[in-house]
Amino acid sequence: MNQATRPGSATTASRIYEALRQDLLNGRFDAGERLSITRLRETYQVGLSPLREALNRLAAYGLLRQENQRGFRVLELTRVELADITEMRRQLEGLALELAIRYGDDEWESQLLAANHRLGRAGESTPVGEWEQLHARFHNALVAPCGSTWLLRFISQLHDQFDRYRRVAPRAQELRQRLDTQHQELVDLALARDARRARELIEEHITLSSEVAKHSCHPA
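None of these values were measured; they are calculated from a predicted model.

The rules behind these values
- Residues numbered from 1 in each chain as written.
- Predicted model: local features only at pLDDT ≥ 70, side-chain atom pairs only at ≥ 80, totals over all residues.
- Heavy atoms only, no water.
- Phe/Tyr/Trp six-rings, centres within 6.5 Å; stacked < 30°, edge-to-face > 60°.
- Lys NZ or Arg CZ within 6 Å of the ring centre and 35° of its normal.
- Domains from an automatic or database assignment.
- Contact = heavy atoms within 4.5 Å.
- Buried area = accessible area lost by both parts, 1.4 Å probe.
- Salt bridge = Lys/Arg side-chain N within 4 Å of Asp/Glu carboxyl O.
- 1 Å grid on protein atoms, 1.4 Å probe; cavity = no way out; pocket = protein on both sides within 12 Å on 5 of 7 lines; lining within 4 Å.
- Points joined across faces, edges and corners; volume = space filled by probe spheres on them.
- Helix = DSSP H or I, 4+ residues; strand = E, 2+ residues; numbered from the N terminus.
- Nonpolar A, V, L, I, M, F, W, Y, C, P; charged D, E, K, R; others polar.
- Buried < 20%, exposed > 50% of the residue type's maximum accessible area, 1.4 Å probe, protein only.
- Expected span 1.5 Å × (residues − 1).
- Arc of directions from axis to C-beta.
- Polar contact = N/O pair within 3.5 Å; in protein donor to acceptor, adjacent residues only side chain to side chain.

A.B. asks: Honestly, the packing of aromatic side chains in this entry has me stumped. Any pointers?
C.D. replies: Here a ring pair, both rings aromatic, is described through the centre-centre distance and the interplanar angle of the planes. Evaluated as defined, the whole model comprises one aromatic pair. The positively charged end of Arg57 is found above the aromatic ring belonging to Tyr17, 4.1 Å away from the centroid. Residue placement shows Arg153 over the ring face of Trp150; its charged tip is 4.3 Å from the ring centre.

Next up, the structure:
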């Protein structure tokens, strides 16, 4: 068994993968930056094999670009790509929410209410990382009972791609307040089992969020 397949190495690779994933989403690296393997090993205190495994996984997931014999590069932030991601989120999350409203039971309603309550209690003093976790849990809870593992998987990947833009964009307070209000409106429509209006609102919510996110893009 070589080093890359040892259990300890696999565990380390998973830990580094998650740490790098969060750092990529949070803008720790510049868009278009070529990553230095030596610097990454020093920063994350990790050996070469688990680091390369984590980088390969991130490239396969779409958060890095692997360059032929030249290592790995952080993806650029472009309005064309953001528009594509936004439209795919609108289509897939709209469908997932319709299905969730159709199939969701009392337990789903309870979990959705709890997720919304925790998110709503998060104020300005809440650490950004904690707020992001609560925000992700709310959106996950909203579509959880859609009945399709693949649909949820695609939505999760699109969320990560979208967050590359949103998390590094300047804060737009007025839009942020409207987005926060829409969270409660989405819950109300879901509990009322109003699938049509809920889908319209989640699509509007994603579009509005993209108005915030687009300010992270490089000028054309």
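A.B. asks: Teacher, can you tell me more about the domain arrangement of the chain here?
C.D. replies: It is common to report an interface's size as the accessible area lost on association of the parts. When the domains of the chain are assigned, the result is domain 1 (12-74) and domain 2 (79-216). Counting residues at the interface gives eight residues for domain 1 and eight residues for domain 2. Carbon and sulfur atoms supply 44% of the area buried between domain 1 and domain 2, which totals about 750 Å² over both sides. For the interface between domain 1 and domain 2, the tally reads one salt bridge.

A.B. asks: Help me understand the layout of surface pockets in this model?
C.D. replies: By rolling a water-sized probe across the atoms, one finds the places where empty space is left. In this model, the largest pocket occupies a volume close to 590 Å³. Forming the boundary of the largest pocket are 23 residues, of which Trp131, Arg166, Arg171, Arg176 and Asp180 lie nearest the centre. Among the secondary structure elements, those contributing two or more residues to the lining of the largest pocket are helix 5 (106-121), helix 6 (128-143) and helix 8 (173-191). For the lining of the largest pocket, the element with the most residues is helix 8, which contributes six residues. Among the residues forming the lining of the largest pocket, the class breakdown is eight nonpolar, eight polar and seven charged.

A.B. asks: Even after reading the chapter, I still don't get unusual backbone geometry, so can you show me in this structure?
C.D. replies: In terms of backbone geometry, most residues other than glycine have negative phi values and most peptide bonds are trans. A positive phi angle is found at Gln45, which is not glycine, with a value near 50°. For Gln45, the position within the fold is in the loop between helix 2 (37-44) and helix 3 (48-61). Judged by its relative accessible area of 65%, Gln45 is exposed. One non-glycine residue, Arg193, lies in the positive phi region at around 60°. Structurally, Arg193 is set in the loop between helix 8 and helix 9 (195-213).

A.B. asks: Help me understand the side chain of Arg176, please; the structure alone is not making it clear to me.
C.D. replies: With respect to the helices and strands, Arg176 occurs in helix 8. In contact with Arg176, other than residues within four places in its own chain, are Trp131, Arg166, Arg171 and His183.

A.B. asks: Is there a simple way to explain the side chain of Asn116 in this structure?
C.D. replies: Examined against the element boundaries, Asn116 turns out to sit in helix 5. In this structure Asn116 touches Phe138, His183, Gln184 and Val187, once residues within four positions along its chain are discounted.

A.B. asks: Would you mind going over helix 5 with me for this structure?
C.D. replies: Owing to its 3.6 residues per turn, the α-helix brings residues three or four apart onto one side. For helix 5, spanning 16 residues, the distance from its first C-alpha to its last is 23 Å, which sits close to the expected 22 Å at 1.5 Å a residue. All of the buried residues along helix 5 are Trp108, Leu112, Ala115, Asn116 and Leu119. Projected down its long axis, helix 5 carries its buried residues within an arc of 95°, all on one side. Opposite the packed face of helix 5, turned more than 90 degrees from it, sit the exposed residues Asp106 and Arg121. Where helix 5 is buried, its residues contact helix 4 (79-103), helix 6 and helix 8. Taking the backbone nitrogen of Glu107 as reference, a side-chain oxygen 3.2 Å away marks Asp105 as the first, capping residue of helix 5.

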